[in-house]
Amino acid sequence: MLLTGTGRLAPAGVSPWALQVRDGRIAWVGAASDAPDDDQRVELGSALVTPGLVDSHTHPVFAGDRSDEAAARLEGAPYTDGGILRTVAATRAADGATLEALVEGRLRAALAAGTTTVECKSGYGLSLDEELRHLRIIRRVAERMPLRVVATFLGAHAVPAGASLDEYAAHVAEDMIPAVAAEGLAEFVDVFSDSGFFDLPATERIAHAAKEAGLGLRLHAEQLARTGATELGARLRAASVDHLEQLDAGGVGVLAASDTVATLLSAPAIVLRDRLPPARALLDAGATVALASDANAGTYSGFGSMPLVIGLGATLLDMSIGEALTAATAGGAAALRRVDLGTLRVGARADLVAWDAEHEGAFALRLGAVRPLRTWISGEEIGL
Ligand SMILES: [Zn+2]
């Protein structure tokens, strides 16, 4: 199949352009005048075409509604672990069919908005049986949907009522992670490593269990306080440390010198009226930056919001539109340790989106209102 267009192919930059897909991968990309012969041609006119978006941080498995809590927070109520535990109660009470339908609806919204790869965390179960149930739901939904799903076990999201931090961290490390790995239910382990949640010793204990089980590591870090979770993540070679609202210059330097990706989540920072993460400093220092939605139950619930996330990167985080688009494609792929995604390089997966826009500047100009016209995953067109 040969895709051709007279508009912008971002970030390749050449126009008129052509891109050949073979066996689900990009086989050739360049100027239309040099394009190889191909029987199957798809003409995309002046539409902006980009790699499919990679949302490398979401929490889609939950039931219940916490809009009232968001409203109360905006009137001064603090953000505590009580909210997560409220979602845990509602989610435990939801039957499998209900939860599956909720997850599928959220992932359909993401796909319809141009996300072709999505990371999905468990973490509203907080018991062995519940966390396994949630990860199995992620797997079942992933099997019947075209978008790529990367599953992450976030049993260390909060300490359940009645348990101590040490007891629960030991349970996550010694019982839950081996069970998750034995069933092949997740590629990564995540820890909410922050003030009032999991401290650095508990985080490290869980991280070692992840490594022993052959699972990658990612951390929620420096959202509520500057704890040193960034340094711990870099030392343990975490794929990504996420949030970073409270990161300082020292932490920026640590990430720039590491291969740990800095994943920035502007939407919950805005909803929480928090500081914004230091995107400009991270980029200037040479860190790899990803932008992701953090769509979740309590601090931002916008599944299908990656076009908005790109626009917020460019307008609020002091990134260029090209940097924001790269962070939402190749940056997200790097955060998931997938070099074959989020790029137009020959050999990469042919995950592509043609947008109802002519220039990537539309992601800023239309803040959240840019939509896909057509989407391909591994070269197969997806019905939207
Ligand atoms: Zn999160």
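Remember, predicted model here, so these are calculated numbers, not experimental data. (Residues numbered from 1 in each chain as written. Predicted model: local features only at pLDDT ≥ 70, side-chain atom pairs only at ≥ 80, totals over all residues. Heavy atoms only, no water.)

**Overview of the pairing of strand 3 (residues 25-31)**
Link 1 in the chain: Where strand 2 (residues 17-22) meets strand 3, six bridges bridge the pair, whose relative direction is antiparallel. For Val21, the partnering residue across the bridge sits in strand 3 and is Ile26.
Link 2 in the chain: Connecting strand 2 to the antiparallel partner strand 3 that follows it, the hairpin turn spans two residues, and Asp23 within it adopts a positive phi of roughly 55 degrees. (Pairing = 2+ DSSP bridges. Helix = DSSP H or I, 4+ residues; strand = E, 2+ residues; numbered from the N terminus.)

**Overview of helix 12 (residues 321-335)**
An α-helix turns once every 3.6 residues. As a result, residues three or four positions apart point the same way.
Link 1 in the chain: Here helix 12 spans 19 Å end to end across 15 residues, near enough to the 21 Å set by a 1.5 Å rise per residue.
Link 2 in the chain: Along helix 12, the helix axis deviates most sharply at Ala327, where the bend reaches about 40 degrees.
Link 3 in the chain: If you check which residues of helix 12 are buried, you get Ala324, Leu325, Ala327, Ala328, Thr329, Gly331, Gly332, Ala333 and Ala335.
Link 4 in the chain: Arg337 sits one or two positions beyond helix 12 and adopts a positive phi of about 60 degrees. (Expected span 1.5 Å × (residues − 1). Bend = angle between axes of the 7 residues up to and from the residue. Buried < 20%, exposed > 50% of the residue type's maximum accessible area, 1.4 Å probe, protein only.)

**Here we look at the packing of helix 5 (residues 165-182) against helix 6 (residues 200-212)**
Link 1 in the chain: Packing of helix 5 against helix 6 leaves a shortest axis separation of 9 Å and a crossing angle of 5 degrees. In terms of orientation, helix 5 and helix 6 fall into the roughly parallel class. Two secondary-structure elements touch here, helix 5 through Leu165, Asp166, Ala169, Ala170, Val172, Ala173, Glu174 and Ile177 and helix 6 through Ala202, Arg205, Ile206, Ala209 and Ala210.
Link 2 in the chain: Its residues assigned to classes, the contact of helix 5 with helix 6 shows ten nonpolar, no polar and three charged. (Axes fitted to C-alpha atoms, helices over the stretch in contact; angles between N-to-C directions. Parallel < 35°, antiparallel > 145°, perpendicular 65-115°, else oblique. Contact = heavy atoms within 4.5 Å. Nonpolar A, V, L, I, M, F, W, Y, C, P; charged D, E, K, R; others polar.)

**Regarding helix 1 (residues 67-74)**
Link 1 in the chain: Of all the residues in helix 1, the buried ones are Glu69, Ala70 and Arg73. Seen from one end, helix 1 has its buried residues packed into an arc of 105 degrees, which puts them on one side.
Link 2 in the chain: On its buried face, helix 1 is in contact with helix 2 (82-92) and helix 9 (266-271).
Link 3 in the chain: Two residues or fewer after helix 1 comes Gly76, characterised by a positive phi angle close to 115 degrees. (Arc of directions from axis to C-beta.)

**Re the coordination of the zinc ion**
Geometry reference: four tetrahedral donors at a metal, ideal angle 109.5 degrees. Six octahedral donors, ideal angles 90 or 180 degrees.
Link 1 in the chain: Distances from the zinc ion to its protein donors, namely His57 (NE2), His59 (NE2), His220 (NE2) and Asp294 (OD), fall within the range 2.1 to 2.4 Å.
Link 2 in the chain: Angles of 82 to 168 degrees at the metal separate the four donor atoms of the zinc ion, which places the site in the irregular class.
Link 3 in the chain: Of note, the zinc ion draws all its donor residues from one chain, in the sequence arrangement H-x1-H-x160-H-x73-D.
Link 4 in the chain: Residue His59 is classed as buried on the basis of its relative accessible area of 2%. (Donors = N, O, S within 2.8 Å, 3.2 Å for Na, K, Ca; no water. Tetrahedral: all angles 85-135°; square planar, octahedral: opposite > 155°, others 65-115°.)

**Topic: the sheet that holds strand 15 (residues 372-377)**
Link 1 in the chain: The strand order across the open sheet formed by four strands is 5-14-15-16, and the pairing between neighbours is antiparallel. Unpaired on one side and paired on the other, strand 5 (49-51) and strand 16 (380-382) mark the two borders of the sheet. Strand-to-strand twist across the sheet, computed as the mean angle between neighbouring axes with direction ignored, equals 25 degrees.
Link 2 in the chain: Of the pairings in the sheet, the one linking strand 5 to strand 14 (residues 352-355) comprises three bridges and is antiparallel in character. Bridging from a neighbouring strand, Thr50 pairs with Val353 of strand 14.

**Considerations on the sheet that holds strand 6 (residues 53-55)**
Link 1 in the chain: Sheet architecture is open: eight strands sit in the order 6-7-8-9-10-11-12-13, paired in parallel fashion. Both edges of this open sheet fall to strand 6 and strand 13 (289-291), since each of them pairs with a single strand only. On average, each strand axis in the sheet is tilted by 25 degrees relative to the strand beside it, whichever way the strands run.
Link 2 in the chain: Where strand 11 (residues 240-243) meets strand 12 (residues 261-264), three bridges bridge the pair, whose relative direction is parallel. Counterpart to Asp242 in the pairing with strand 12 is Thr263.

**Remarks on the environment of Gln246**
Link 1 in the chain: Mapped onto the fold, Gln246 is located in the loop between strand 11 and helix 8 (249-256).
Link 2 in the chain: Once the C-alpha coordinates of Gln246 and Ala47 are considered, the two residues, 199 residues apart in sequence, prove to be 39 Å apart.
Link 3 in the chain: Leaving out residues up to four positions away in the same chain, Gln246 has contacts with Glu222, Gln223, Leu224, Ala225, Arg226, Asp274 and Arg275.

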